[in-house]
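Residue-level structural notes
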Amino acid sequence: MLNKIFISFFLLISGASVIAQQKTNNLPIGVFDSGLGGLTVLRALHERLPGEDLVYFGDTARVPYGTKGEKTVRAFAQQDAGLLVTRGVKMVVVACNTASAAALRRMQEGWVPEGKRVLGVFVPLIEALTERQWGDNSPPREVAVNHVALFATPATVATRAFQRELAFRAIGVDVEAQACGGVVDAIEDGDMMLAEAL
């Protein structure tokens, strides 16, 4: 449970950010998001991997990423992942959909330090939608899902990364993408009524 996780604050670039750390054994898994929403990913990791040490970084100084340009998001994501790597993590999980969409593939192809891995959050969603397992590189095929509604930040929608990753695994799936500006701010502020309305 999250009540077992130690939370401390430190300064990064222009404002306060959050690191939560749970100590259990060897090198930790690092998780980052543009704010606090990634704590849900941290909690899921803790539940599924209770023996793992976890480090969380929420870039609250620059939240939200979803209204920023792709180049800026890529730079922020690499800085965030780099910060976690300098803290000794064995793996980085990008819990921010916008950072996953804008930066993950480039980071995996050209930035990841030797012996480290960087994973994102929306590829597992696509794998679940298409009933494909990690590492299944067979050609795209028809799947049970024919229509997907994607509600995401403007920056996530603009990358078309969800559609690209889906096309690697499935054919015949129509994606209706809707940019939802203001959703991250509402969630970070705890205003779930406004988030649902947006």
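A separate point is the pairing of strand 4 (residues 54-58). Among the 5 residues that make up strand 4, 5 are buried, leaving the element largely enclosed by the rest of the structure. Of the two faces of strand 4, the one holding Leu54, Tyr56 and Gly58 and the one holding Val55 and Phe57 are both buried throughout. Summarising the sheet, strand 3 (residues 29-33) and strand 4 pair through 5 bridges and their orientation is parallel. In the sheet register, Ile29 faces strand 4, and the bridge partner there is Leu54. Taking the sense of rotation as the criterion, the β-α-β connection linking strand 3, helix 1 (residues 39-48) and strand 4 turns out right-handed.

Okay, the packing of aromatic side chains next. Following the criterion strictly, the structure yields 2 aromatic pairs and no others. Here Tyr65 and Phe76 contribute two aromatic rings whose centre-to-centre distance is 5.3 Å and whose plane-to-plane angle is 50 degrees, an arrangement assigned as tilted. Placement of Tyr65 in the loop between strand 4 and helix 2 (70-86) and of Phe76 in helix 2 is noted, with a sequence separation of 11 residues between them. With 6.3 Å between their ring centres and 45 degrees between their planes, Phe122 and Phe162 make a pair best called tilted. Within this pair, whereas Phe122 is found in helix 4 (residues 122-130), its partner Phe162 is found in helix 6 (residues 161-169), the two being separated by 40 residues in sequence. No difference in accessibility class separates Phe122 from Phe162, as the two residues are buried.

Further remarks concern the layout of surface pockets. Its boundaries defined by the atoms lining it, the largest pocket holds a volume of some 690 Å³. For the largest pocket, the lining is made up of 29 residues, of which Gly120, Val123, Pro124, Glu127 and Trp134 are closest to its centre. The set of elements that each furnish at least two residues to the lining of the largest pocket consists of helix 1, strand 5 (91-94), helix 3 (97-110), strand 6 (117-120), helix 4 and helix 6. Sorting elements by how many residues they give to the lining of the largest pocket places helix 6 first, with 5 residues. Residue classes in the lining of the largest pocket are distributed as 15 nonpolar, 6 polar and 8 charged.

What counts, and where the lines are drawn
Residues numbered from 1 in each chain as written. Predicted model: local features only at pLDDT ≥ 70, side-chain atom pairs only at ≥ 80, totals over all residues. Heavy atoms only, no water. Buried < 20%, exposed > 50% of the residue type's maximum accessible area, 1.4 Å probe, protein only. Helix = DSSP H or I, 4+ residues; strand = E, 2+ residues; numbered from the N terminus. Pairing = 2+ DSSP bridges. Right-handed = clockwise from strand over helix to strand, strands pointing away. Phe/Tyr/Trp six-rings, centres within 6.5 Å; stacked < 30°, edge-to-face > 60°. 1 Å grid on protein atoms, 1.4 Å probe; cavity = no way out; pocket = protein on both sides within 12 Å on 5 of 7 lines; lining within 4 Å. Points joined across faces, edges and corners; volume = space filled by probe spheres on them. Nonpolar A, V, L, I, M, F, W, Y, C, P; charged D, E, K, R; others polar.

Worth remembering: the numbers are spatial, not functional.
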